[in-house]
Amino acid sequence: MSVWPTIALVALVTFAIKGVGPALLGDRPLPPAFTRVVLLLAPALLAALVITNAAADGTRVQIGADTAGVVIAGVLLLRGVGVLPVVVVAAVATALLRLAGLP
Amino acid sequence: MADRERLRAGLRVSPPYAAASLLLSFSFGAVATAAGVSPLAAVAMSAVVYAGSAQFASIGILAAGGGVGAAVGAAALMNSRFLPMGVALGPSLPGGRFRRALQGQAVVDSSWALALREDGTFDRWFLFGHSAPQYACWVLGTGLGVLTDRVDPQALGLDAVFPAFFLALLVAELRKGSRTSYGVALAGGALALALVPVVPVGVPVLVASGAALVGLRRRP
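What counts and how
- Residues numbered from 1 in each chain as written.
- Chains lettered and ligands numbered in written order.
- Predicted model: local features only at pLDDT ≥ 70, side-chain atom pairs only at ≥ 80, totals over all residues.
- Helix = DSSP H or I, 4+ residues; strand = E, 2+ residues; numbered from the N terminus.
- Rg over C-alpha atoms; globule rule 2.2 N^0.38 Å.
- Buried ≥ 20, exposed ≤ 12 C-beta atoms within 10 Å, placed from the backbone.
- Contact = placed C-beta atoms within 7 Å.
- Nonpolar A, V, L, I, M, F, W, Y, C, P; charged D, E, K, R; others polar.
- Expected span 1.5 Å × (residues − 1).
- Core = buried A, V, L, I, M, F, W, Y, C linked by C-beta atoms within 7 Å.
- Axes fitted to C-alpha atoms, helices over the stretch in contact; angles between N-to-C directions.
- Parallel < 35°, antiparallel > 145°, perpendicular 65-115°, else oblique.
- Left-handed = near helix turned anticlockwise from the far one by under 90°.

Observations concerning the overall build of chain B
Phase 1 of the analysis: What chain B contains, in helices and strands, is 12 helices and zero strands.
Phase 2 of the analysis: The globule rule puts the C-alpha radius of gyration for 220 residues at 17 Å, and the 18 Å found for chain B is close to it.
Phase 3 of the analysis: Each principal axis of the C-alpha distribution contributes one length, and for chain B these read about 50 × 45 × 35 Å.
Phase 4 of the analysis: Classification of the 220 residues of chain B by burial places 56% in the buried group.
Phase 5 of the analysis: The contacts in chain B between residues at least 6 apart in sequence include a share of 67% that link residues at least 24 apart.

In structure tokens:
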């Protein structure tokens, strides 16, 4: 395995991707349309991250123990439970469901 | 003075996120070591890359026998969401191009989402304050994870930590957002799920961010 070259290249690529937006656009007022898009970017990205991590395994849609764990997390969050307990309960629920035979 | 207060405000809300980051990076350390990555390399990767999904993706590909190109490509796709996030953040950063690019490195998903103000600008000191403990925990957790290569992160349910963490951010975001943001979240999630079997890992999230373009219409 060529681990070290991979680490170096991934670090460079990550630096470039995180840096290119700020390098190109800086310190200026926002046009209203831009502001509206930015405000909607967060829900779009976060929902996509939740779905792809909870209901997919690589390029396969897979409903499993982790999906159930995240649904439980959602219920707790709506009831106002804090981030850390929610994350811990999600992990424990997932572990137990997996022990019970879910994928 | 005000800057320092914003920095402190970011630090104050960071502990639960930093703790979740510790769990995730612990899982990364264990997974990387189990995949045959040396402990030093795993910790070094967390220190210089600091982007969880990209790290998991690239190490996963190496472990499956993939080449450097495939591993780096997967990491780039995973990180592609930071492109629109960086474009959104840019106008809120002062200084020359290189200084702005450096400040952009502090972005992680949670600090970006929480530093976003209602007027579409970002509170950069809050972002730095929120990211710093997460970075420390990210490196520390990896260091702990590499010591325990016999632990199976799946058996501990650690794969649910990442999505549960993002769900917490999403719920916080929807609470402060408009009705449109619910629709956009649903559209983004559905779009990503539909694309999962069709395109490489990471691309569904990038494409889903396009749902935010409905904001280009006049009415918010």
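Things to note about the interface of chain B and chain A
Phase 1 of the analysis: Tallying the contact residues gives 90 residues for chain B and 72 residues for chain A.
Phase 2 of the analysis: Residue classes in the side of chain B that touches chain A are distributed as 64 nonpolar, 20 polar and six charged.

Focus on helix H10 (residues 161-176) of chain B
Phase 1 of the analysis: The end-to-end C-alpha distance of H10 of chain B, which contains 16 residues, comes to 23 Å, matching closely the 22 Å that a straight helix rising 1.5 Å per residue would cover.
Phase 2 of the analysis: Along H10 of chain B, 12 of the 16 residues are buried, which leaves the element largely enclosed by surrounding structure.
Phase 3 of the analysis: For H10 of chain B, the complete set of buried residues consists of Val161, Phe162, Pro163, Ala164, Phe165, Phe166, Leu167, Ala168, Leu169, Leu170, Val171 and Glu173 of chain B.
Phase 4 of the analysis: Lining the buried residues of H10 of chain B we find helix H2 (32-54), helix H3 (65-78) and helix H4 (83-99) of chain A together with helix H2 (15-34), helix H8 (109-115) and helix H11 (179-195) of chain B.

Considering the nonpolar core
Phase 1 of the analysis: In terms of nonpolar packing, the biggest core is built from 111 residues, with Ala44 of chain A together with Val161 and Ala164 of chain B touching the most fellow members.
Phase 2 of the analysis: If you tally residues by element for this core, the top one is H2 of chain A, at 15 residues.
Phase 3 of the analysis: Excluding residues that lie within four positions of it along the chain, Val161 of chain B makes contacts with Val87, Ala90 and Ala91 of chain A together with Ala20, Leu23 and Leu24 of chain B.

A look at unusual backbone geometry
Phase 1 of the analysis: Of note in the backbone geometry, Tyr50 of chain B takes a positive phi value of approximately 50° without being a glycine.
Phase 2 of the analysis: By the secondary structure assignment, Tyr50 of chain B is in the loop between helix H3 (39-48) and helix H4 (52-63).

Points about the packing of helix H1 (residues 3-24) of chain A against helix H7 (residues 97-104) of chain B
Phase 1 of the analysis: Viewed as axis vectors pointing N to C, H1 of chain A and H7 of chain B meet at an angle of 135°, and their least axial separation amounts to 7 Å. With respect to their mutual orientation, H1 of chain A and H7 of chain B come out oblique. Crossing of H1 of chain A over H7 of chain B shows right-handed handedness. On H7 of chain B, the residues that touch Lys18, Gly19, Gly21, Pro22 and Ala23 of chain A of H1 of chain A are Arg97, Arg100, Ala101, Gln103 and Gly104 of chain B.

Structural notes on H4 of chain B
All names here are of chain B.
Phase 1 of the analysis: For H4, which comprises 12 residues, the first-to-last C-alpha distance of 16 Å matches the rise-based estimate of 16 Å (1.5 Å per residue) to within 8%.
Phase 2 of the analysis: Where burial is concerned, most of H4 is hidden: 10 out of the 12 residues are buried.
Phase 3 of the analysis: Within H4, burial applies to Gly52, Ser53, Ala54, Gln55, Phe56, Ala57, Ser58, Ile59, Ile61 and Leu62.
Phase 4 of the analysis: Looking at the residues trailing H4, positive phi occurs at Gly65, about 95°.

Digging into the environment of Pro31 of chain A
All names here are of chain A.
Phase 1 of the analysis: Its location among the elements puts Pro31 in the loop between H1 and H2.
Phase 2 of the analysis: What makes Pro31 exposed here is the crowd of 11 C-beta atoms within 10 Å.
Phase 3 of the analysis: A C-alpha to C-alpha distance of 38 Å links Pro31 and Val71, two positions 40 residues apart in sequence.

The values are spatial; any link to function lies outside them.
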